[in-house]
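Next come the chains, spelled out residue by residue.
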Amino acid sequence: MRTAVVVGAGVGGLAVAGALARSGWRVTLLERQDRIRSAGTALVLWPNGIRALQALGLGGGLDAIATGLAYHGVRRPDGQWLVQPRPQAGERVPVVVHQEDLHDALIAGLGEQVEIRTGVAVRGLRPASTDRPAVTTGRGVVEADLVVAADGAQSTLRPALAPASTVVSSGCAAWRAVVPWYRAPQLPPERISGEILGAGYRFVSASLGERGSAGGSSRGGIYWVATAAGASRPEPPATQLTLLRRWFAGWPSPVGELLAATEPADLVQAEVRELRPLPPSYGFPTGPGGVVLLGDAAHAMSHHLGQGACLAFEDAATLCAVVRDAVPGPRLADAVAAYSRLRRPRTVAMVRQSRRMAAVLQARGRLALRARDATLGTISPRLLGSVAATADRWSPPPS
Ligand SMILES: Cc1cc2nc3c(=O)[nH]c(=O)nc-3n(C[C@H](O)[C@H](O)[C@H](O)COP(=O)(O)OP(=O)(O)OC[C@H]3O[C@@H](n4cnc5c(N)ncnc54)[C@H](O)[C@@H]3O)c2cc1C
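This one's a predicted model, so the numbers in the text were calculated from it and none came from an experiment.

**Student:** I'd like to hear about helix H10 (residues 330-361), residue by residue, with values.
**Tutor:** In an α-helix, one turn spans 3.6 residues; hence positions three or four apart end up facing the same way. The end-to-end C-alpha distance of H10 is 46 Å, a good match for the 46 Å that 32 residues give at a rise of 1.5 Å each. Considering bend angle alone, the principal kink of H10 is centred on Arg343 and spans about 30°; proline Pro345 follows within four residues of it.

**Student:** Got a sec to walk through the site of the ligand? Specific residues and values, please.
**Tutor:** The local shell around the ligand holds 30 residues, among which Gly12, Glu31, Val44, Val122 and Asp296 are the closest. For the ligand, whose unbound accessible area comes to 1,000 Å², protein coverage reaches 87%. Elements with a minimum of two residues in the shell around the ligand: helix H1 (11-22), strand S2 (26-31), strand S3 (42-45), strand S13 (166-179) and helix H9 (308-323). At three residues, the largest contribution of residues to the shell around the ligand is made by H9. For the shell around the ligand, the domains that each give at least three residues are domain 1 (3-69 + 92-168 + 274-362 + 380-392) and domain 2 (170-272).

**Student:** A description of the sheet that holds strand S1 (residues 3-7) should follow, citing residues and the corresponding values.
**Tutor:** Taken in spatial order, the six strands of this open sheet run S8-S2-S1-S12-S19-S18, and their pairing is mixed. In this open sheet, the two strands that pair with only one neighbour each are strand S8 (114-118) and strand S18 (283-286). Put simply, the sheet's adjacent strands are angled 15° from each other on average, direction ignored. In this sheet, S2 lies alongside S1 in parallel orientation, the contact comprising five bridges. Bridged to Thr3 within S2 is Arg26. The sheet strands contacting H10 are strand S12 (146-149), S18 and strand S19 (289-293), and the helix crosses S19 at an angle near 20°.

**Student:** Would you mind going over unusual backbone geometry in detail, with residue names and values included?
**Tutor:** Cis geometry is adopted by the peptide bond preceding Pro254, which originates at Ser253 and carries an omega value of 15°. By the element assignment, Pro254 lies in the loop between helix H6 (237-247) and helix H7 (255-261). Geometrically, the link from Arg276 to Pro277 is a cis peptide bond, its omega value of -20° lying close to zero. Position of Pro277 relative to the elements: it lies in the loop between strand S17 (268-276) and S18.

Here is what the cut-offs are and how they apply
- Residues numbered from 1 in each chain as written.
- Predicted model: local features only at pLDDT ≥ 70, side-chain atom pairs only at ≥ 80, totals over all residues.
- Heavy atoms only, no water.
- Helix = DSSP H or I, 4+ residues; strand = E, 2+ residues; numbered from the N terminus.
- Expected span 1.5 Å × (residues − 1).
- Bend = angle between axes of the 7 residues up to and from the residue.
- Near = heavy atom within 4 Å.
- Areas by Shrake-Rupley, 256 points an atom, 1.4 Å probe, with all protein chains shown as cover.
- Domains from an automatic or database assignment.
- Pairing = 2+ DSSP bridges.
- Axes fitted to C-alpha atoms, helices over the stretch in contact; angles between N-to-C directions.
- Contact = heavy atoms within 4.5 Å.

And the structure:
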């Protein structure tokens, strides 16, 4: 039986581990934390991410937990519209999911076949290009035909494969939370979803629906994500929340209500980071098999497009398709190289789009803001449209 080691049980690692196991691989999943846990907020899944999950056989689980994202356009902090939505006929809408719900669905997708080892921190790759691929842990060596490095932006395995790629700050920090409806009862549901852009600040909110509304298992609530230029804050969560309330004071509804309804324990802060340059390859044939980079380990990017997890699912679906019939030896090594050929141009294009978007979204200073506001109404729909079209333009390779 073909064997795979997946390093990292984030969304990318969970998705690929389950899908490989379902197509007949014996999979070992190694996670350094003592249990598999999600960030506990929410994710937007664009049509490409949804299609990837469907290709991985997880579409049914998604239907039960996803809420359609109503797009209400972009406003300035004074309430003036910068971009008003012009829905296109037949346009596919993104969905928003609670990360706990998504994790539950991905863990259910692991089935009985995946051996899960938590509390195991992988230290590196066994350095011998003619042997079977293998990773080293504090407890020994784990060999397999295929090693999947899904160990996130700060990947332990990547430096040996792509030493020039380093994680750098994108120049901003982000805070996220899911607020239960009962803490913001005065907010009418139609006012929840939207985006507001200020000078170096951005606030996006979306409804996750009532508990159980999308399907029997959804958790529900209101998701928001606030972005501010600068580094992440070292203060305790209660102080961070006070800062957020100060920075976003006077912004239009629902910002004030949502920040007032948020408790310090709800707050999840992230330093926004990206990989520069992207690794020259995502697939490294090794002996009779190979090592691949997947998800943020391969192409960490800022969250402005909401595409990081979607691309991780695309990676997983592509990898599963190319290795489906590949047996260890030249065919598996070729499949590993094919994975990189398929994934790299796609993710390079998406990273480029995310940087263009960052330049628009993070504009600061009076002149830059004036230019942004003057042009956003004309450029941004085009930019947003081209981003959406680029993101949408993906389908799983035939297996
Ligand atoms: C504010 C914000 C908002 C976002 N919103 C969206 C969105 O709306 N839509 C979207 O698609 N994406 C979004 N993203 C991006 C998305 O969260 C990431 O791209 C995605 O979570 C990456 O998943 P991953 O599995 O590749 O990595 P991770 O989630 O980082 O998982 C890596 C796993 O590997 C484990 N690990 C690390 N090192 C080791 C080791 N040495 N040994 C064993 N295990 C190890 C870690 O513990 C972790 O469990 C957002 C990101 C941010 C910061």
